[in-house]
Structure formats: C-alpha cells, structure tokens
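Residue-level structure breakdown
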Amino acid sequence: MTSLYHTHNLSPNQCGSSLIQTIDAPLPLVWSMVRRFDHPQSYKKFVKSCTVRSGSNGGVGSVREVEIVSGLPARFSTERLDKLDDETHVMIFSIIGGDHRLENYHATTTLHEDNGREDGEKTVVIESYVVDVPAGSSEEDTCLFADTIIRCNLKSLANISEKMALN
C-alpha cells in the first residue's frame, strides 16, 4: 500500500523525497488533525491562517489559500485537495498557485498503525512529494528546503498529537 502512494516518477527537472515520523498516539487521533484540509495551522507552524476558497467543507476538490508566517520566502500559497480517504488514511494535495518557488508541487501523506510495539499504539506518518526544481536552483537545495518544512510539520504533528493522547 505504501509504495502505491509514495512511488513517484520524476521528470528531469523535478526532485522529491519521502519523510517518515513515528508518533506515540493512536492513528484516529493523528488522522483527525491531518485530514483537516481547512485547518492546517493546527500543526503546521509556518501557516498563519487558512481560508477555503472553493469546495465543500474542505473535501476533495476544495481549494484553500494559506497565509504563510513572516520570515519565509513567501506570503501565500493556493492549494487543492486531490484525495482524502478516511478508510485508508491517505491525503494528497497540490500547490496550484502562490508567491513562492514550489511549482508543480504534489504531496502525499499516509498514516499507518504500528500496534506491534509493547509500549502502546503508535502511528507512522509518511509524507512524500514531487516538485519542480526552479531555474537558478539546484535539486539538492530544492529538496533541502521542502524536507526542512515537512520535517518541522511532522515533528509539530507528533508533539501536539502526543500531548493530546496523554490527556
């Protein structure tokens, strides 16, 4: 199942990566935050606010405009929800506009239960992406930038989920 969603064919001007985060919290709790396309700022610390511009209640086909916190090389991003599957815990979205350099960006997030651990329920989150390498930039720099943002988001998701699971 994982390879179905996280295997990407890259064109010569693209890069991509997959990042994995294990979270000490049950999958339904973690998924309840990840699936909220209309409220990414609940764990994505670089998101200042989010407004759904079209679509029904943040469902598939919805378009959101995300305002980025100051200090990053962007002010906003326009994003479309391409897939949201509550049974298989898969979310796919694309960036379709904005004042940044992440052109043709497609991200896939999947959640998986890890019940084989003696110390309780855990959730494994895998996020992969594909993005065009902008003119004047290298593949390494582009992936480093995207990986850093995703890694921060996944760590924030883990911290918030784990605190919620304790309460």
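Just above, that's the structure.
Remember, it's a predicted structure, so these values are computed and weren't measured experimentally.

The next point concerns the pattern of salt bridges. Going through the model one piece at a time under the given rule, you end up with eight salt bridges. A salt bridge links Lys122 to Asp24; the nearest nitrogen and oxygen atoms lie 1.9 Å apart. Of this pair, Lys122 sits in strand 7 (residues 122-132) while Asp24 is found in the loop between strand 1 (14-23) and helix 2 (27-34), placing the two residues 98 residues apart along the sequence. Residue class for Asp24 comes out partly exposed when judged on its relative accessible area of 39%.

You can see His89 is positioned in the loop between strand 4 (76-85) and strand 5 (90-98). Reaching out from His89, the side chain makes a polar contact with the backbone oxygen of Asp86 at a distance of 3.3 Å.

This brings us to the packing of helix 2 against helix 3 (residues 139-166). Taken N-terminus to C-terminus, the directions of helix 2 and helix 3 make an angle of 130°; their axes are 10 Å apart at the nearest point. As the angle between them shows, helix 2 and helix 3 are arranged oblique. You can see that helix 2 and helix 3 cross each other, and the crossing is right-handed. In this structure, helix 2 contributes Leu29, Val30, Met33 and Val34 to the contact, and helix 3 contributes Leu157, Ile160, Ser161, Met164 and Ala165. The residue makeup of the contact of helix 2 with helix 3, split by class, is eight nonpolar, one polar and no charged.

To continue, consider unusual backbone geometry. The bulk of non-glycine residues show a negative phi, and the bulk of peptide bonds are trans. Unusually for a residue other than glycine, His89 sits at a positive phi of about 60°. Phi angles above zero are rare outside glycine, and Asn104 is one such case at about 60°. With respect to the helices and strands, Asn104 occurs in the loop between strand 5 and strand 6 (106-114). The exposure class of Asn104 is partly exposed, given its relative accessible area of 35%.

Let's shift gears to the pairing of strand 6. Of the pairings in the sheet, the one linking strand 5 to strand 6 comprises five bridges and is antiparallel in character. If you follow Ile92 over to strand 6, its bridge partner there is Thr108. Sheet topology note: the strand 6/strand 7 ladder contains nine bridges and is antiparallel. Bridging from a neighbouring strand, Thr110 pairs with Ile126 of strand 7.

The rules behind the values
Every chain is numbered on its own, with residues counted from 1 as its sequence reads. For a predicted model such as this one, the threshold for reporting local features is a pLDDT of at least 70, and the threshold for listing and counting side-chain atom pairs is 80 or more; totals across whole chains, interfaces and linings nevertheless cover every residue. Side-chain numbers here rest on the full set of heavy atoms in the structure, without hydrogens or water. A pairing counts as a salt bridge when a side-chain nitrogen of Lys or Arg comes within 4 Å of a carboxyl oxygen of Asp or Glu. Going along the chain from the N terminus, every DSSP run of H or I of four or more residues is numbered as a helix, and every run of E of two or more is numbered as a strand. To sort residues, take the accessible area from a 1.4 Å probe on protein chains only and compare it with the maximum for the residue type: under 20% means buried, over 50% means exposed, and anything in between is partly exposed. Definition of a polar contact: a pair of N or O atoms within 3.5 Å, with one able to donate and the other able to accept a hydrogen when the atoms are protein atoms, and with sequence-neighbouring residues admitted only if both atoms are side-chain atoms. Comment: axis = line fitted to C-alpha atoms, over the contacting stretch for helices; angle = value between 0 and 180 degrees taken between N-to-C directions. Orientation is classified from the angle alone, with under 35 degrees giving roughly parallel, over 145 giving roughly antiparallel, 65 to 115 giving roughly perpendicular, and any other angle giving oblique. Crossing handedness follows the turn of the near helix against the far one: under a right angle anticlockwise gives a left-handed crossing, and clockwise gives a right-handed one. We call two residues in contact whenever any of their non-hydrogen atoms come within 4.5 Å of each other. Gly falls in the polar group here, along with every residue not listed as nonpolar (Ala, Val, Leu, Ile, Met, Phe, Trp, Tyr, Cys, Pro) or charged (Asp, Glu, Lys, Arg). A pair of strands is treated as paired once DSSP finds two or more bridges between them.

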